[in-house]
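# Coordinate analysis (summary)
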Amino acid sequence: MPELPEVETIRRGLLPVLEGARIRHADVRRPDLRWPFPPEMGARLMGRRVLRLWRRSKYLLADLDPGETLIVHLGMSGRMMISGLDGAPPKPPGRHDHVVIDTEGGARITFNDPRRFGMMDLWPTQALGHHRLLAGLGPEPLGNSFHEDYLVERLKGRRSPIKTALLDQKIVAGLGNIYVCEALHRAGISPLRPAARIAAKRIRALVPVIREVLCEAIESGGSSLRDYRRADGELGYFQHNFRAYGREGKPCLAPGCKGKIARITQAGRSTFHCPQCQR
DNA sequence: ACACGCTCCTGAACGC
DNA sequence: TGCGTTCAGGAGCGTG
């Protein structure tokens with residue numbers, strides 16, 4: 001499922017066809033995803049130019065001329081597909097293709113989301129910070145305001161396990177289940193340990209590890225899961241080698257560790273970790 | 001402020 | 001072979 005690296009990779013894939021392009025037509029094929037689409041979304045997108053395509057946490061943001069931003073979240077199973085390039089026919093919409101955007105350049109961007117956990121909204125660009133979904137987000141993990149002192153401070157007094165704390169988007173925005181498991185594994189920190197009971201030194205060491213895990217995933221094009229299947233023009237599919245995630249029962253890959261990856265449930269979610277080397 | 005459980009949804013994987 | 005059941009999970013939201 002798309003986490004920050006996947007969204008970033010999708011953004012980069014969309015960049016050449018969307019940034020600077022004018023939307024010729026937008027086909028909104030159902031009234032809602034997780035929430036209703038904004039009123040008249042299709043009509044409001046039509047004829048507008050995309051000034052900038054950027055990302056905040058797991059949200060894709062397309063600044064439109066004039067003054068409005070299209071906010072897109074891919075949820076669990078959202079995908080983007082590009083077709084209609086080089087004179088090829090644009091892909092006709094199929095099952096779960098909920099929004100189809102055609103540009104004047106001839107490209108077609110198809111948003112597909114079987115589980116419909118995604119969302120789209122339109123919001124004034126200068127007031128984006130006040131959008132209910134963006135307002136409370138913590139710092140970008142790859143940005144300057146996510147740093148060692150910040151994380152140490154934010155985890156003070158947190159009795160919840162570090163795994164849960166790192167999934168809290170108010171603390172750091174964009175981490176999901178997979179990369180939290182990977183980061184904690186690399187840092188040798190047990191996902192079960194209460195956040196407030198981790199030595200400051202180890203939290204400080206975790207910060208660059210989080211960045212490293214995300215950067216590697218972005219470099220390799222993100223990660224792939226069941227929900228992502230390779231197809232022509234589909235963005236966001238990646239092959240990434242996880243050391244912990246999805247490796248229940250397999251040998252721990254930490255250097256020198258003889259442990260085995262275990263799978264537990266925390267806050268209703270699977271955690272993969274090595275009980276041997278993660279303390 | 002924090003912590004927890006519930007909820008949305010469908011396809012894939014699994015069991016009988 | 002076919003059907004029913006379980007699981008996956010981002011993250012808002014209500015409750016304590």
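In the block above lies the structure referred to throughout.
Residues numbered from 1 in each chain as written. Chains lettered and ligands numbered in written order. Predicted model: local features only at pLDDT ≥ 70, side-chain atom pairs only at ≥ 80, totals over all residues. Heavy atoms only, no water.

## Here we look at the protein's contact with DNA strand C
Surrounding DNA strand C, one finds 17 residues, the nearest of these being His73, Arg132, Tyr245, Arg263 and Arg269. When the atoms of DNA strand C within 4 Å of the protein are grouped by moiety, sugar and phosphate amount to 64% of the total. Gln169 has a polar side-chain atom sitting 3.5 Å from a phosphate oxygen of DNA strand C. At a separation of 2.4 Å, a phosphate oxygen of DNA strand C approaches a polar side-chain atom of Tyr245. Among the residues forming the surface near DNA strand C, the class breakdown is seven nonpolar, four polar and six charged. (Near = heavy atom within 4 Å. Polar contact = N/O pair within 3.5 Å; in protein donor to acceptor, adjacent residues only side chain to side chain. Nonpolar A, V, L, I, M, F, W, Y, C, P; charged D, E, K, R; others polar.)

## Section: the packing of helix H5 (residues 177-187) against helix H6 (residues 200-219)
Two elements in contact, H5 and H6, have axes whose closest approach is 9 Å; the angle formed by their N-to-C orientations is 130°. Our classification of the angle between H5 and H6 gives oblique. Classified by chirality, the crossing of H6 by H5 is right-handed. Of H6, the residues touching H5 (which contributes Tyr179, Glu182, Ala183, Leu184, Arg186 and Ala187) are Leu206, Val209, Ile210, Glu212, Val213, Leu214, Glu216 and Ala217. (Axes fitted to C-alpha atoms, helices over the stretch in contact; angles between N-to-C directions. Helix = DSSP H or I, 4+ residues; strand = E, 2+ residues; numbered from the N terminus. Parallel < 35°, antiparallel > 145°, perpendicular 65-115°, else oblique. Left-handed = near helix turned anticlockwise from the far one by under 90°. Contact = heavy atoms within 4.5 Å.)

## Section: unusual backbone geometry
With an omega of 5°, the peptide bond between Asp65 and Pro66 qualifies as cis. Along the polypeptide, Pro66 turns up in the loop between strand E3 (59-65) and strand E4 (68-73). Although it is not a glycine, Asp86 adopts a positive phi angle of roughly 55°. Mapped onto the fold, Asp86 is located in the loop between strand E5 (79-83) and strand E6 (97-103). The backbone of His96 shows a phi angle near 70°, a positive value even though the residue is not glycine. Checked against the element boundaries, His96 lands in the loop between E5 and E6. What makes His96 partly exposed here is its relative accessible area of 24%. (Buried < 20%, exposed > 50% of the residue type's maximum accessible area, 1.4 Å probe, protein only.)

## Describing the sheet that holds E4
In space, the four strands of this open sheet follow the order E2-E3-E4-E8, with antiparallel pairing throughout. Two strands in the sheet have a free side with no partner beyond their single neighbour: strand E2 (49-56) and strand E8 (119-124). Recorded for the sheet is a direction-independent mean angle of 20° between the axes of neighbouring strands. Looking at chain direction, E2 and E3 are connected through seven bridges and run antiparallel. Paired with Arg49 across the two strands is Asp65, which belongs to E3. Running at roughly 165° to E2, helix H1 (residues 4-18) makes contact with E2 and E3 of the sheet. (Pairing = 2+ DSSP bridges.)

## Some details on H1
Relative to the 21 Å expected for 15 residues at 1.5 Å per residue, H1 spans 20 Å between its end C-alpha atoms, a close match to the ideal helical length. Taking burial as the measure, the 15 residues of H1 include 11 buried ones, the bulk of the element. Gly20, located one to two residues past H1, shows a positive phi value of around 85°. (Expected span 1.5 Å × (residues − 1).)

Read these as layout, nothing more, since geometry by itself doesn't imply function.
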